[in-house]
Amino acid sequence: MNIILLGPPGAGKGTQAARLQATRGMIQMSTGDMLREARASGSPIGLKVKAVMDAGELVSDAIVTALIGERLDSSGGHGAIFDGFPRTRPQAEALDILLSERGRTLDHVIELVVDEDELVRRITGRFSCARCGAGYHDTFRPTKVAGTCDACGSTEFIRRPDDNEQTVRTRMSEYRAKTQPILPYYQERGLVRQVDGMAGIDEVAAQIDAALDGTSR
Ligand code: AP5
Ligand code: MG
Ligand code: ZN
């Protein structure tokens, strides 16, 4: 099964993609994570995208499409969870080609529906483990023991440089202008399942599972 998690910054795409990867043996393909890895490694792509990401704007279609193509080729045929990709109409069209070239199809597009004020609260409270990448939130998903990662025991955490209120506003307007307009492309094909992203993390997970398993009402 190949699915897209679509939603604005802070909607919970990464949280749910990581869970689906752990529970279903699918592979999370987050272009945001790939770009952050490229930055951390100091690769030519990383250097190129730094300023654009820090401003909250979109990286070029060619760069992210190439990253997804490479990840599909190294995924060993496991199902894909596209997290933060596609974000533009050209990316959506490119994904169809990448999948069909590999004899694969898109099964579902999960739209996480949320309200914007909540998103700013979610993003400004977000942090993650510096060692294993596990994601947390100051209020909504604290570590069980303060200052210690639940998953690996590390005591070092990081916050994303683009997680400040001003950049979040730019990221949201990019979403409204460029990403939301791709929904009809998938609605016409009957692929979109709406999920209430305002619910708690476990309830959102249950709604996604029901949508994927065809048991939702
Ligand atoms: P990217 O990394 O994709 O960022 P984003 O889309 O802005 O989304 P986020 O990662 O901020 O949010 P999320 O939906 O994953 O939420 P999360 O689960 O963490 O992209 C970053 C940048 O890279 C872009 O701005 C762009 O420059 C570039 N880029 C990436 N892909 C690109 C592409 N395809 N094309 C062009 N450029 C691209 O949750 C947020 C917080 O809320 C967490 O703390 C979590 O614990 C908490 N939380 C989650 N769910 C809930 C819930 N149900 N209730 C309460 N709290 C919750
Ligand atoms: Mg994310
Ligand atoms: Zn950890």
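Residues numbered from 1 in each chain as written. Chains lettered and ligands numbered in written order. Predicted model: local features only at pLDDT ≥ 70, side-chain atom pairs only at ≥ 80, totals over all residues. Heavy atoms only, no water.

Asker: Give me the lowdown on the packing of aromatic side chains, citing residues and values where you can.
Answerer: One pair of aromatic rings is described through two measures. These are the centre distance and the angle between the planes. Counted by the stated rule, this structure contains five aromatic pairs. Considering the side-chain rings of Phe82 and Phe85, the 6.4 Å spacing of their centres and the 50 degrees angle between planes classify their relative orientation as tilted. Accessibility classification places Phe82 together with Phe85 in one group, the buried group. Joined through ring pairs, the aromatic side chains of Phe127, Tyr136 and Phe157 make up one cluster. Geometry around Tyr185 places Arg189 over its ring, the cationic atom sitting 5.3 Å from the centre. (Phe/Tyr/Trp six-rings, centres within 6.5 Å; stacked < 30°, edge-to-face > 60°. Buried < 20%, exposed > 50% of the residue type's maximum accessible area, 1.4 Å probe, protein only. Lys NZ or Arg CZ within 6 Å of the ring centre and 35° of its normal.)

Asker: Can you lay out the sheet that holds strand E5 (residues 126-129) for me, pointing to particular residues and giving the numbers?
Answerer: Pairing is antiparallel in the open sheet, where three strands are placed in the order E6-E5-E7. The strands lining the two open edges of the sheet, one partner per strand, are strand E6 (135-137) and strand E7 (157-158). In terms of strand pairing, E5 meets E7 through two bridges, oriented antiparallel. Bridge pairing in E7 places Ser128 opposite Ile158. (Pairing = 2+ DSSP bridges. Helix = DSSP H or I, 4+ residues; strand = E, 2+ residues; numbered from the N terminus.)

Asker: I'd like a rundown of the coordination of the zinc ion (ligand 3), residues and numbers included.
Answerer: Each protein donor to the zinc ion (ligand 3) is listed here as Cys129 (SG), Cys132 (SG), Cys149 (SG) and Cys152 (SG); together their distances run 2.3 to 2.4 Å. Taken together, the four donor atoms coordinating the zinc ion (ligand 3) and their angles of 103 to 114 degrees define a geometry best described as tetrahedral. Here the donor residues of the zinc ion (ligand 3) share one chain and are spaced in sequence as C-x2-C-x16-C-x2-C. Pair noted here: Cys132 is in the loop between E5 and E6 and Cys152 is in the loop between E6 and E7, with a separation of 20 residues, a long-range link. Judged by its relative accessible area of 39%, Cys132 is partly exposed. (Donors = N, O, S within 2.8 Å, 3.2 Å for Na, K, Ca; no water. Tetrahedral: all angles 85-135°; square planar, octahedral: opposite > 155°, others 65-115°.)

Asker: Can you tell me about the site of ligand 1, naming the residues and giving the values?
Answerer: Within the structure, ligand 1 sits among 34 residues, and Thr15, Glu57, Arg87, Arg126 and Arg171 are positioned closest to it. Arg36 has a polar side-chain atom sitting 2.9 Å from an oxygen atom of ligand 1. Contact between ligand 1 and Gly84: a nitrogen atom at 3.0 Å from a main-chain N or O atom of the residue. Protein chains shield 96% of the accessible area of ligand 1, which is 1000 Å² for the free molecule. Elements that contribute at least two residues to the shell around ligand 1 include exactly helix H1 (13-24), helix H2 (31-41), E6 and helix H9 (201-212). No other element matches the four residues that H2 contributes to the shell around ligand 1. Considering only residue class, the shell around ligand 1 consists of 14 nonpolar, 11 polar and nine charged. (Near = heavy atom within 4 Å. Polar contact = N/O pair within 3.5 Å; in protein donor to acceptor, adjacent residues only side chain to side chain. Areas by Shrake-Rupley, 256 points an atom, 1.4 Å probe, with all protein chains shown as cover. Nonpolar A, V, L, I, M, F, W, Y, C, P; charged D, E, K, R; others polar.)

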